[in-house]
Amino acid sequence: MVTPDRLAALFKTYHTPLVRFLTRRLGDRDEAEEIAQETFVRALKQETIASERSWLFAVASNLVRDEARRSTRERKRHDLMRVREEAESSVDPEPTAMERAEDQALARQAIEMLGERDREALLMREEGLGYEEIAEALDLSLASVGTTLSRARRRLMEAYESLQQERSAERA
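Residues numbered from 1 in each chain as written. Predicted model: local features only at pLDDT ≥ 70, side-chain atom pairs only at ≥ 80, totals over all residues. Heavy atoms only, no water.

### Observations regarding the packing of helix α5 (residues 116-126) against helix α6 (residues 131-138)
The following threshold applies: Think of each axis as a best-fit line through the C-alpha atoms, taken over the contacting stretch in the case of a helix, with angles from 0 to 180 degrees between the N-to-C directions. The numbering of helices and of strands both runs from the N terminus, where a helix is a DSSP run of H or I of at least 4 residues and a strand a run of E of at least 2. Take the far helix as your reference; a near helix turned counterclockwise from it by less than a right angle gives a left-handed crossing, and one turned clockwise gives a right-handed crossing. Contacts are assigned to residue pairs that have any heavy atoms within 4.5 Å of one another. Only Asp, Glu, Lys and Arg are considered charged, only Ala, Val, Leu, Ile, Met, Phe, Trp, Tyr, Cys and Pro nonpolar, and every remaining residue, Gly among them, polar.
Between α5 and α6, the least distance of the axes is 10 Å, while the angle of their chain directions is 145°. When you trace α5 past α6, the crossing you get is right-handed. When α5 is examined against α6, the residues Arg117, Glu120, Ala121, Met124 and Arg125 are found in contact with a partner set consisting of Tyr131, Ile134, Ala137 and Leu138. Within the contact of α5 with α6, the residues separate by chemical class into six nonpolar, no polar and three charged.

Okay, structure coming up:
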C-alpha cells in the first residue's frame with residue numbers, strides 16, 4: 001500500500017497540476033478539488049503506482065468521465081439560454097472585460113466540442129505531461145500521441161472559428 005508519507009509527497013507534487021487540469025476539464029474548481037481528493041484517496045489504496053503522474057491523471061480522467069458528460073449537457077443548455085438572453089437584450093456593446101469573458105466561453109465551448117480523447121490529450125499536454133505519460137494515461141500508442149495532439153489542435157481551431165462566426169452572425 002502507498003504509505004501516508006508517500007501520499008503526502010504525491011499530494012505536494014501533483015495536487016496543484018491535477019486540480020488545474022480538472023478545473024480546465026470541468027470548468028468548476030470545487031468539483032475539481034473533489035475529484036482530485038478522490039484520486040488521492042484511490043492512490044492511498046493502491047499497492048504500488050508505477051508511473052505516478054500518469055496514473056493520477058488517468059484515474060482523475062476516469063473519475064471525471066461521467067461528471068463531464070452530465071456537466072457538458074448542462075453547460076450547453078446554460079450557454080444556449082445565455083446566448084438567447086443576449087440576443088434578445090438591446091443593451092449597448094459590452095465592456096472589454098465582458099467580451100473577454102465571451103471569448104473564454106467560446107474557447108470552453110470549442111474544447112467541449114472536441115472528442116473526449118482529443119480534449120483530454122490537449123489538456124494533459126497543456127499541464128506539461130510528456131508524450132509517454134499521455135500515451136499511458138489515455139491508453140494510446142506512443143506513436144499516435146503526436147497525431148492525436150495535432151488533430152485535436154486543428155479541430156479546436158476549427159470549432160473556435162465556427163463559434164466566432166456564429167457569434168458574429170448573431171450580432172449582425
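From this point, the discussion proceeds with the structure in view.
### Description of the environment of Leu140
Along the chain, Leu140 turns up in the loop between α6 and α7 (142-171). As a C-alpha pair, Leu140 and Arg6 span 134 residues in sequence and 28 Å in three-dimensional space.

### Digging into the pattern of salt bridges
Definition in use: Here a salt bridge means any side-chain nitrogen of Lys or Arg lying within 4 Å of a carboxyl oxygen belonging to Asp or Glu. Each residue gets one of three labels from its accessible area relative to the maximum for its type: buried under 20%, exposed over 50%, partly exposed in between, using a 1.4 Å probe on protein chains only.
This structure, assessed with the given rule, holds 18 salt bridges. Among the salt bridges present, the one from Arg155 reaches Asp118, with a minimum N-O distance of 2.9 Å. Of this pair, Arg155 sits in helix α7 while Asp118 is found in helix α5, placing the two residues 37 residues apart along the sequence. Assessed through its relative accessible area of 37%, Arg155 is described here as partly exposed.

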